[in-house]
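Tertiary structure, described
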Amino acid sequence: MKITTEAGERHVLAVTVDNEAGILAKITGLFSARGYNIESLTVADISADHALSRITIVTSGPPAVIDQIIAQLDRLVPVHSVTDLADGGAHVEREIALVKVAGSGDKRIEALRMADVFRAKVVDTTLSSFIFEITGTSDKVDRFIALMRECGLVEVGRTGVVAIARGAEAV
């Protein structure tokens, strides 16, 4: 099956669901069965009684495809709401990455200098490597990782995008 990568806008979908076994598989199955691509996916428990979870999905596509995805998600039984944060006005989104860089001498100094510019924190260090923690937009994280390739990038772990609408109202 070919995954659809039609040109289109990037959308951040906030999906509130019952916190039950199999719901994530249903949602990802909906995307894969129709050939839609998920660029990022995060899940978090959002209620004190652990009854609800929020799934944040980043996907791209033309408006008609995004509308179809939202309609199909809305039809799933354990889904309470689907909100396209990109359409809903201003929102804040962040991603966290752990970036391991190995090197010595000038490469090591340059990695520290670039980390300072990007406000990345050193969370672990040895005589031959660093692990940096960087938080920001996906573009910022991507740029940092690209620069670290020149300094001896070894490994990257990313959380995926988390997002929330601005303002006093809940989604």
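Just above sits the structure.
This one's a predicted model, so the numbers in the text were calculated from it and none came from an experiment.

Quick notes on the rules
Residues numbered from 1 in each chain as written. Predicted model: local features only at pLDDT ≥ 70, side-chain atom pairs only at ≥ 80, totals over all residues. Heavy atoms only, no water. Helix = DSSP H or I, 4+ residues; strand = E, 2+ residues; numbered from the N terminus. Buried < 20%, exposed > 50% of the residue type's maximum accessible area, 1.4 Å probe, protein only. Contact = heavy atoms within 4.5 Å. Areas by Shrake-Rupley, 256 points an atom, 1.4 Å probe, with all protein chains shown as cover. Lys, Arg positive; Asp, Glu negative; His and termini not counted. Charge placed at Lys NZ, Arg CZ, Asp CG, Glu CD. Polar contact = N/O pair within 3.5 Å; in protein donor to acceptor, adjacent residues only side chain to side chain. Arc of directions from axis to C-beta. Phe/Tyr/Trp six-rings, centres within 6.5 Å; stacked < 30°, edge-to-face > 60°. Lys NZ or Arg CZ within 6 Å of the ring centre and 35° of its normal. Salt bridge = Lys/Arg side-chain N within 4 Å of Asp/Glu carboxyl O.

We now examine the overall build of the protein chain. Each helix and strand in the protein chain was counted, giving four helices and nine strands. Taken from N to C terminus, the helices and strands of the protein chain fall in the order β-α-β-β-α-β-β-α-β-β-α-β-β. Dimensions of the protein chain along its principal axes, counting C-alpha atoms only, are 55 × 40 × 30 Å. Looking at the protein chain as a whole, 36% of its 171 residues qualify as buried. Considering only residue pairs separated by 6 or more positions, the protein chain has 72% of its internal contacts joining residues 24 or more positions apart. Total accessible area on the protein chain is roughly 9,600 Å²; 54% of this is exposed by carbon and sulfur atoms. With 18 positive and 23 negative side-chain charges, the protein chain shows a separation of 5 Å between the mean positions of the two kinds.

It is worth spelling out the side chain of T59 at this point. Of note, T59 is situated in strand 3 (residues 52-61). Assessed through its relative accessible area of 1%, T59 is described here as buried. A polar contact is formed between the side chain of T59 and the backbone oxygen of N37, at a distance of 2.6 Å.

Taken together, the buried positions of helix 1 (residues 23-33) are I23, I27, L30 and F31. For helix 1, the buried positions fall inside an angular range of 95° around the axis, keeping them on one side. Exposed side of helix 1, more than 90 degrees from the buried face: A25 and A33 are the residues found there. Positive backbone phi, at 80°, marks G35, one or two positions downstream of helix 1.

Evaluation of the coordinates by the stated rule reveals four aromatic pairs. Taking the centre distance of 6.3 Å and the plane angle of 85° together, the rings of F31 and Y36 count as edge-to-face. Each member of the pair, F31 as well as Y36, carries the same accessibility label: buried. In this arrangement the basic side chain of R108 is found over the ring face of F130, its NZ or CZ atom lying 4.1 Å from the centre.

Here the focus is the pattern of salt bridges. This structure, assessed with the given rule, holds six salt bridges. Here R10 makes a salt bridge to E93, at a shortest N to O gap of 2.6 Å. With R10 in strand 1 (residues 9-18) and E93 in strand 5 (residues 91-102), this residue pair connects regions lying 83 residues apart in the sequence. The exposure class assigned to R10 is partly exposed, which follows from its relative accessible area of 36%. Relative accessible area serves as the criterion here: at 12%, E93 is assigned to the buried category.

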